[in-house]
Amino acid sequence: RKEVEQDPGPFNVPEGATVAFNCTYSNSASQSFFWYRQDCRKEPKLLMSVYSSGNEDGRFTAQLNRASQYISLLIRDSKLSDSATYLCVVNPPGGYNKLIFGAGTRLAVHP
Amino acid sequence: IAGITQAPTSQILAAGRRMTLRCTQDMRHNAMYWYRQDLGLGLRLIHYSNTAGTTGKGEVPDGYSVSRANTDDFPLTLASAVPSQTSVYFCASSDGADRKQFFGPGTRLTVL
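Summary of the structure given here. (Residues numbered from 1 in each chain as written. Chains lettered and ligands numbered in written order. Predicted model: local features only at pLDDT ≥ 70, side-chain atom pairs only at ≥ 80, totals over all residues. Heavy atoms only, no water.)

### Some words on the interface of chain B and chain A
Rules: What makes two residues a contact is simply this: any of their non-hydrogen atoms within 4.5 Å. Buried area: the accessible area, evaluated with a 1.4 Å probe, that two parts lose upon being put together, summed over both parts. Pairing of N or O atoms within 3.5 Å defines a polar contact, subject to two protein rules: one partner must be a possible hydrogen donor and the other a possible acceptor, and residues neighboring in sequence count only if both atoms are side-chain atoms. Only DSSP runs of H or I with at least four residues qualify as helices, and only runs of E with at least two residues qualify as strands; both kinds are numbered from the N terminus onward. Note on residue categories: nonpolar means Ala, Val, Leu, Ile, Met, Phe, Trp, Tyr, Cys or Pro, charged means Asp, Glu, Lys or Arg, and polar means any other residue, Gly included.
In this assembly, 23 residues from chain B lie in contact with 21 residues from chain A. At the boundary of chain B with chain A, total buried surface from both sides reaches about 1800 Å², with 55% on carbon and sulfur atoms. The tally of links from chain B across to chain A stands at two residue pairs in polar contact (both at pLDDT 80 or more). Sorting the residues of the side of chain B that touches chain A by element identifies strand S4 (31-38), strand S5 (42-49) and strand S9 (87-94) of chain B as the ones contributing at least two each. Taken together, the residues of the side of chain B that touches chain A break down into ten nonpolar, eight polar and five charged.

Put into structure tokens, the structure is as follows:
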């Protein structure tokens, strides 16, 4: 089993739609969680951290479910500019600064 | 410069040749990393350095070496390139406190 698993997609949604991605992780003692965004042929960029209580940043909401070992990302009112690959990222125990990246979920927002 | 720079942007290399990918950051971050990204596999850690003067092996270190002589620079060397090292290579850095990593623009390497 992969340490971090994501549905590769693609998710094809119209502008204005709400879309959600889930990600599961294998190590229950993982400590920090993030969502990164990656545009085609570009570097990953931090989108948001994921906190135990859930957190929101504008149209983006991230949630963590430790009992089920998954994190989620909800995007409301999708924009064309949201089209990208979203990477689920986990900091495993004992890894200090090491991060484990999921393979990504591709989102395509169309007019 | 601001952030992380990598050089070259892309390179085509003959198998067996030696190649060094350069990475420089100006954020004074203690920790630096090298990843490779292959289709469908996501980012995989090659080597890392928690602070200048120290390095460690990641998930896929074979065929690669690194050095960290100072805070800013973290070069990655392929001693004798093989076609399986064809990939996109990303350098990243973090200040350690909150685990967030910031990435350079990447080097696209093709080994023939």
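Here the narrative resumes, following the displayed structure.
### Some points on the pattern of salt bridges
All names here are of chain B. Quick reminder of the rule: When a carboxyl oxygen of Asp or Glu is within 4 Å of a side-chain nitrogen of Lys or Arg, the pair counts as a salt bridge. Between buried and exposed lies partly exposed: a residue is buried under 20% and exposed over 50% of the maximum accessible area for its type, with that area taken using a 1.4 Å probe on protein chains only.
Enumeration according to the criterion identifies seven salt bridges over all chains in this entry. For Asp38, the salt bridge identified is with Arg36, shortest N-O distance 2.9 Å. Accessibility assignment for this pair places Asp38 and Arg36 in one class, buried. For Asp38, the salt bridge identified is with Arg44, shortest N-O distance 2.9 Å.

### Here we look at the side chain of B:Gln6
Residues and elements named next belong to chain B. Mapped onto the elements, Gln6 comes out in strand S1 (residues 4-7). The exposure class assigned to Gln6 is buried, which follows from its relative accessible area of 9%. One polar contact links the side chain of Gln6 to the main-chain amide nitrogen of Cys91, over a distance of 3.0 Å. Separated by 3.0 Å, the side chain of Gln6 and the backbone nitrogen of Gly106 make a polar contact. Once you skip the residues sitting within four places of it in the chain, Gln6 turns out to touch Arg22, Trp34, Tyr89, Phe90, Cys91, Gly104, Pro105, Gly106 and Thr107.

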